[in-house]
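Residue-level structural notes
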Amino acid sequence: MNDLFLIAINLTRRCNLACAHCYMDAATREAGSEAELTTDEVKALLDQIRERGDDTMVVLTGGEPLLRRDLEALVAHGNGLGLAMVVGTNGVLLNEKRVAALKAAGAMGMGISLDSLDPNHHDSFRGCPGSWEKTLAGMEFCRQADLPFQVHFSVTEQNADEVQSMIDFTKAAGAHVLNIFFLVCTGRGESMSDITPQRYEQVLQQLVEAQDANKDLLLRARCAPHYKRIAYQHDPESPLTRAQGYEGGGCLAGIHYCRITPEGAVTACPYLEAEEGSIRQESFWQIWDRSPTFQQLRNPQLHGKCGKCEYQKLCGGCRARPVAMGNGLMDTDPWCDYRPEGGGIIQPLIPQLSDEIRWSPEAQQRLSRVPGFLRKMVRKRAETYVREQGETLVTPAHMATLAKNRFKKGMPGRPANVASIAEAGAKSISEAPSLPWTGEAQAYLDQLPPFLQSGVQQVAEDVARSEGRFEVNIKLLQRLESEDAAKRAFPWSEAAEQHLAEALADKAPQVRMFVQPTMEAAAEREVKRRHAQQVELQDVEAVTATLLAGVEWSPEALARVKSAPEFVRAGIKKAAEFGARRDSLAVIGSNDLTRYRNRAMMRAVMRMKGMGMTSLDFDAFAVAKQQVKRLQDNPQAEQRFSKIRDYVEGHQAPDGSGLGTLGHDLIERMKRELKE
């Protein structure tokens, strides 16, 4: 049977973004094509699809389908026919009103593309600054309206390390499905370097293992038929080797899936651009049934390595990739890293269900309410589950158990009092749940001295939330390090050195420690702006002239400074004012103060790491004096250290744990004091 499980209708070539990988080579918002299918033509197509039943899911996509003003009317028409209607979008144009209209029209769900948890990377990939924030806002509107949505993630070499973080994000955001797309280089994507075959294999292995560990999330590899082969290698009895239809993982092109171009042409998939016919010239089903290309795909005679592979029935390779490389439809998939071992051909594992399993009328009624494209899969799962229980009758209780296990409403680790990701990001570290850390980031944290780990974790997660991130990765930590690393990238002229020394002459040593690296960095930015190779007097003068401007304080920020211990209060205030002048701020707010505290914390971390400190106790000053010249024979530094010791000893815990070594409890109390 060549049942049509899924059809994608590209409603338009217009798009509000310019994604680097887009197979459509989408034009700008103002362009598009006068030959786009009309509202009536799309409705007529939906009518034809319904002629053979309501088992087909229809994805309305583009370009950007939200640019079509008749989108809601098309959704409503398909929904009225009993078809499962889904919209594939970049999410940027979703707002409260549009989400409500789509839900009222009968949209079953939204597929929303998110290509990185790094806003800058996503915006660069999508070709539009600010798109990341708007996409996440679109997800939040869907969540608030209880309109289900899936996350679509396109894997490239640049973001492949974010797969696990994207899984965590999808669960936290309230989606139950994560579709991971692997690029085929066509359209604008022709100029991109695809993920390497080796990395392709690694990511698919990661997804198979992740699916085992995440029973409450459905992971689907798209344009990656190797997924089934890897699932079989991982576990020959894996449900992934049995799944059919939209969940199957293998390539459906021309077999159970096709797409319609904005002008009405029918193609096997978006990456196989050869047109098999036009719905403007003949009926859709005539094309579907008679296309020579579709017949080839349904009865493949594979060549090369694919034709010798024992997984050719289970996988079959991507047929678009050899075509994109200028080869034939049935040639070897160049992105498969597997070498056939010469064994017998492995057949897809389709369970044979006996007639002994019966359905109660109530369960049968419940099954009838399942969308058509999922009904066969749900039936097989339910009957398999009942058989495993040693029973013969499917009841509503069995179906409820399966639904609960597969699609849980409450996500593990998600606090009941946190209504959204945005709310969690707005809370302080003591209130918000801990963010996920990538493996590399966690390894970085683990290698720090124990007394630094808690502080670095707080700083990194505070910065991540302030930037709208949902995980801490190694790039963020490296950036925090580099931002405050006191390193000169350019040689300095004698006049520049002298002017800097004069500008800092009246600064206290503790203030100079904060201010000097920032001034040096600002001067070197001036050098880059001039496209020069050395810091000159004019660069330092430009910085000092800018930094002498006045700055004000918000009441909240000033209150925080006043609550700090007296012996650090002046230094905090001066360092923050310097930072504000550098950042061209007229008023220092509480968030600015937190940002400057974070920078100071990372600067301290780097210095203590460089000195080889492994604990934070009162011997640290002696270690610092050996390595920092300005602390040697410095009465002010001695006096400052004495004040710190007096403060710590005066604020020790009742059991004395604060004396000698700064323990965890004392560090937490100092954090609370700083926060308050």
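Up top is the structure these notes are about.
As the structure is a computational prediction, the values presented were derived from the model and not from experiment.

Residue Gly-62 is joined to Gly-63 through a cis peptide bond whose omega torsion reads 20°. Tracing the backbone shows Gly-63 in the loop between strand E2 (57–61) and helix H2 (71–80). Unusually for a residue other than glycine, Asp-146 sits at a positive phi of about 60°. Mapped onto the fold, Asp-146 is located in the loop between helix H5 (131–144) and strand E5 (149–155).

As enumerated under the stated definition, the model contains six aromatic pairs in all. A centroid spacing of 4.9 Å and a plane angle of 40° characterise the contact between Phe-182 and Tyr-200, whose relative ring orientation is tilted. With Phe-182 in strand E6 (residues 177–182) and Tyr-200 in helix H7 (residues 197–213), this residue pair connects regions lying 18 residues apart in the sequence. On the basis of relative accessibility, which here comes to 1%, the residue Tyr-200 falls in the buried class. Pairing Tyr-232 with Tyr-311 gives two aromatic rings, centres 5.8 Å apart and planes at 70°, and the pair type is edge-to-face. Highlighted residues: Tyr-232 in helix H8 (residues 226–234) and Tyr-311 in the loop between helix H11 (304–308) and helix H12 (320–324), separated in sequence by 79 residues. For Tyr-311, a relative accessible area of 8% puts it in the buried group. Aromatic ring contacts, followed pair by pair, group Phe-284, Trp-285, Trp-288 and Phe-294 into a single cluster. Above the plane of the ring of Trp-288 lies Arg-298, whose end atom (NZ or CZ) is 4.5 Å from the centre.

Take the sheet that holds E6 next. Pairing is mixed in the open sheet, where nine strands are placed in the order E7-E6-E5-E4-E3-E2-E1-E8-E9. The sheet is open, and its two borders are formed by strand E7 (218–222) and strand E9 (266–267), each paired with just one other strand. Relative to E6, E5 runs parallel, the two sharing five bridges. Residue pairing across strands places Phe-153 opposite Ile-180, the latter belonging to E6. Relative to E5, helix H6 (residues 163–173) is tilted by about 170°, and along the sheet it contacts E5, E6 and E7.

This part is about the packing of helix H4 (residues 119–126) against H5. Orientation of H4 relative to H5, taken along the N-to-C sense of each, is 100°, at an axis distance of 8 Å. Our classification of the angle between H4 and H5 gives roughly perpendicular. In contact with Pro-119, His-122, Asp-123 and Arg-126 of H4, H5 contributes Ser-131, Trp-132 and Thr-135. In the contact of H4 with H5, the residues fall into two nonpolar, three polar and two charged.

Within the largest apolar cluster, 92 residues are counted, with the highest numbers of intra-cluster contacts made by Phe-182 and Phe-284. Counting residues per element, this core draws most heavily on H7, which supplies six residues. Once residues lying within four places of it in the same chain are set aside, the contact partners of Phe-284 are Leu-4, Ile-7, Leu-45, Gln-48, Cys-258, Ile-260, Val-266 and Ile-279. Listed in part, the 16 residues of the second largest apolar core include Tyr-444, Val-456, Val-459 and Ala-464.

What follows covers the packing of H6 against H7. Axis separation between H6 and H7 bottoms out at 10 Å; the angle between their running directions is 35°. The way H6 lies across H7 gives a crossing that is right-handed. Between H6 and H7, the residues in contact are Val-163, Gln-164 and Ile-167 and Val-203, Gln-206, Leu-207 and Ala-210, respectively. A class-by-class count of the residues in the contact of H6 with H7 yields five nonpolar, two polar and no charged.

On to the pattern of salt bridges, then. Summed over the entire model, instances satisfying the criterion amount to nine salt bridges. Taking the shortest distance from any N to any O, the salt bridge between Arg-229 and Glu-201 comes out at 2.5 Å. On the criterion of sequence distance, the pair formed by Arg-229 in helix H8 and Glu-201 in helix H7 is long-range, its members being 28 residues apart. With respect to class, Arg-229 is no different from Glu-201; both count as buried.

To continue, consider the pairing of strand E4 (residues 109–113). Across the five residues that make up E4, a large majority, five, are buried. Burial of E4 is two-sided: the residues Gly-109, Gly-111 and Ser-113 facing one way and the residues Met-110 and Ile-112 facing the other way are all buried. Bridging between strand E3 (residues 84–89) and E4 involves four bridges; their strand directions are parallel. Bridge assignment links Val-86 to a residue of E4, and that residue is Gly-109. Of the crossover connections in this fold, the one passing from E3 over helix H3 (residues 96–105) to the parallel E4 is right-handed. Where E4 meets E5, four bridges bridge the pair, whose relative direction is parallel. Residue Gly-111 lies in a different strand from E5, and its bridge partner there is Gln-150.

With that settled, the discussion passes to H5. Compared with an ideal rise of 1.5 Å per residue, which puts 14 residues at 20 Å, H5 spans 20 Å between its outermost C-alpha atoms and is within 8% of the ideal. Buried within H5 are the following residues: Ser-131, Trp-132, Thr-135, Leu-136, Gly-138, Met-139, Glu-140 and Cys-142. In the segment just after H5, Asp-146 is the residue with positive phi, at about 60°.

Conventions we followed
Residues numbered from 1 in each chain as written. Predicted model: local features only at pLDDT ≥ 70, side-chain atom pairs only at ≥ 80, totals over all residues. Heavy atoms only, no water. Helix = DSSP H or I, 4+ residues; strand = E, 2+ residues; numbered from the N terminus. Phe/Tyr/Trp six-rings, centres within 6.5 Å; stacked < 30°, edge-to-face > 60°. Buried < 20%, exposed > 50% of the residue type's maximum accessible area, 1.4 Å probe, protein only. Lys NZ or Arg CZ within 6 Å of the ring centre and 35° of its normal. Pairing = 2+ DSSP bridges. Contact = heavy atoms within 4.5 Å. Axes fitted to C-alpha atoms, helices over the stretch in contact; angles between N-to-C directions. Parallel < 35°, antiparallel > 145°, perpendicular 65-115°, else oblique. Nonpolar A, V, L, I, M, F, W, Y, C, P; charged D, E, K, R; others polar. Core = buried A, V, L, I, M, F, W, Y, C linked by side-chain atoms within 4.5 Å. Left-handed = near helix turned anticlockwise from the far one by under 90°. Salt bridge = Lys/Arg side-chain N within 4 Å of Asp/Glu carboxyl O. Right-handed = clockwise from strand over helix to strand, strands pointing away. Expected span 1.5 Å × (residues − 1).

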